[in-house]
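Below are the chains, spelled out letter by letter.
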Amino acid sequence: MIRHVVKEVKHRDYRPVWQTSIIVMIGIIFINFLITQSNKLQRIYAYIVSISILIVSLAVFVYFSYRHLINYIYILDENVLIFKKGIREEEKAELIVKQDEIQWIKPFYEAEKCKGVKQTYKFIFKKDKSKMYVGQFIRNNKKYRFLFEPGTRMKKALNLEPAHN
């Protein structure tokens, strides 16, 4: 017996190297400026402020690095649609939706607004709504929605794109 599995990995569009280099250099200059200014304080306060600046800078760097490296993985395995979010493909699933729970999947502009939705899961990078699809499913008598950007193979597997004649 052969299982039908469709898997797509969505990557963030990367900035050119020169833009990233300029942003990093401006960040380093700004951190240096803040630490230089903090050294004008009294000795004990200067140490505390400098260490605080470095810790906050490191936290911001880790946050933006994670956001830059993250991928979205869409997997259609038989009757289950799985959404993963993370740096590696071994990440745990953020959302698992069985086919019998799904009410519909439509292009973003065709989906009507609904106030009774408990939560909307977003598995997208861009705000380009022309490529975005919305799915609605019911679990425990509550409506949920998910946003994703399926590729051609995933659209065909979900019957979202008409077959070519």
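In what follows, the structure referred to is the one given above.
Let me begin by describing the structure that accompanies this report. (Residues numbered from 1 in each chain as written. Predicted model: local features only at pLDDT ≥ 70, side-chain atom pairs only at ≥ 80, totals over all residues. Heavy atoms only, no water.)

### Topic: the overall build of the protein
The line we're drawing: Starting at the N terminus, helices and strands are each numbered in turn, a helix being any DSSP run of H or I of at least four residues and a strand any DSSP run of E of at least two. Here the globule rule is a power law, 2.2 Å times the number of residues to the power 0.38, and the radius of gyration is based on C-alpha atoms. When accessible area is computed with a 1.4 Å probe and restricted to protein chains, residues below 20% of their type maximum are described as buried, those above 50% as exposed, and intermediate ones as partly exposed. Residue contacts are counted whenever heavy atoms from the two residues lie within 4.5 Å of one another.
Across its full length, the protein holds three helices and eight strands. Reading the secondary structure of the protein in the N-to-C direction produces β-α-α-β-β-β-β-β-β-β-α. In terms of overall dimensions, the protein is more spread out than a globule: its C-alpha atoms have a radius of gyration of 22 Å, far above the 15 Å expected for 165 residues. In terms of principal-axis extent, the alpha carbons of the protein reach across some 70 × 40 × 35 Å. Relative to its full complement of 165 residues, the protein shows a buried share of 29%. In the protein, of all internal contacts separated by at least 6 residues, the share reaching a separation of at least 24 is 57%.

### Here we look at the side chain of Ser38
With respect to the helices and strands, the residue Ser38 is situated in helix H1 (residues 17-38). Sequence-distant contacts of Ser38, that is, excluding residues within four places in its chain, are made with Ala46, Val49, Ser50 and Ile53.

### Section: the packing of aromatic side chains
Formally: In summary, the pairing rule links any two rings of Phe, Tyr or Trp, Trp by its six-membered ring, whose centres are within 6.5 Å, and it sorts them by plane angle into stacked for under 30 degrees, edge-to-face for over 60 and tilted for everything else.
The full count for this structure, using the stated rule, is 13 aromatic pairs. On the numbers, 5.4 Å between centres and 75° between planes, the contact of Phe83 with Phe148 is edge-to-face. Placement of the pair is Phe83 in strand S3 (residues 80-86) and Phe148 in strand S8 (residues 142-148), with a sequence separation of 65 residues. The same class applies to Phe83 as to Phe148, namely buried. With a centroid separation of 5.5 Å and an interplanar angle of 50°, the aromatic rings of Phe146 and Phe148 are classed as tilted. One aromatic cluster is present, built from ring pairs that chain together Tyr72, Tyr74, Phe83, Tyr121, Phe123, Phe125, Phe137, Tyr144, Phe146 and Phe148.

### Some words on the sheet that holds strand S4 (residues 93-98)
To keep it simple, the criterion reads: Strand pairing is assigned whenever DSSP detects at least two bridges linking the two strands. Axis lines are fitted through C-alpha atoms, for helices just across the contact stretch, and the angle between N-to-C directions can take any value from 0 to 180 degrees.
Spatial strand order, S1-S2-S3-S4: four strands in an open sheet with antiparallel pairing. The two strands at the open ends of the sheet, each matched to only one other strand, are strand S1 (5-11) and S4. Adjacent strand axes in the sheet meet at a mean angle of 10°, parallel and antiparallel pairs treated alike.

### Re the layout of surface pockets
Just so we agree on the cut-off: For each structure, a 1 Å grid was placed over the protein atoms alone; sets of points admitting a 1.4 Å probe that cannot get out are labelled cavities, open sets with protein on both sides within 12 Å along at least five of seven lines are labelled pockets, and lining residues have an atom within 4 Å of a point. Grid points are joined across faces, edges and corners, and a volume is the space filled by probe spheres set on the points. Each residue gets one label: Ala, Val, Leu, Ile, Met, Phe, Trp, Tyr, Cys and Pro are nonpolar, Asp, Glu, Lys and Arg are charged, and the others, such as Gly, are polar.
There is about 870 Å³ of room inside the largest pocket. Around the largest pocket, the lining comprises 21 residues; the ones closest to its centre are Ile23, Val24, Val60, Phe61 and Phe64. The element that contributes the greatest number of residues to the lining of the largest pocket is helix H2 (residues 43-69), accounting for nine residues. Looking at the lining of the largest pocket residue by residue, the classes come out as twelve nonpolar, five polar and four charged. Around the second largest pocket sit Phe108, Ala111, Glu112, Lys113, Cys114, Val117, Thr120, Lys122, Val134, Arg145 and Leu147, which together line it.

### Side note on unusual backbone geometry
If you check the backbone angles, Asn140 has positive phi at about 55° while not being a glycine. Mapping Asn140 onto the fold places it in the loop between strand S7 (133-139) and S8. In this structure, Asn141 takes a positive phi of about 60° despite not being glycine. Residue position: Asn141 is located in the loop between S7 and S8. Using a relative accessible area of 78% as the deciding quantity, one classes Asn141 as exposed.

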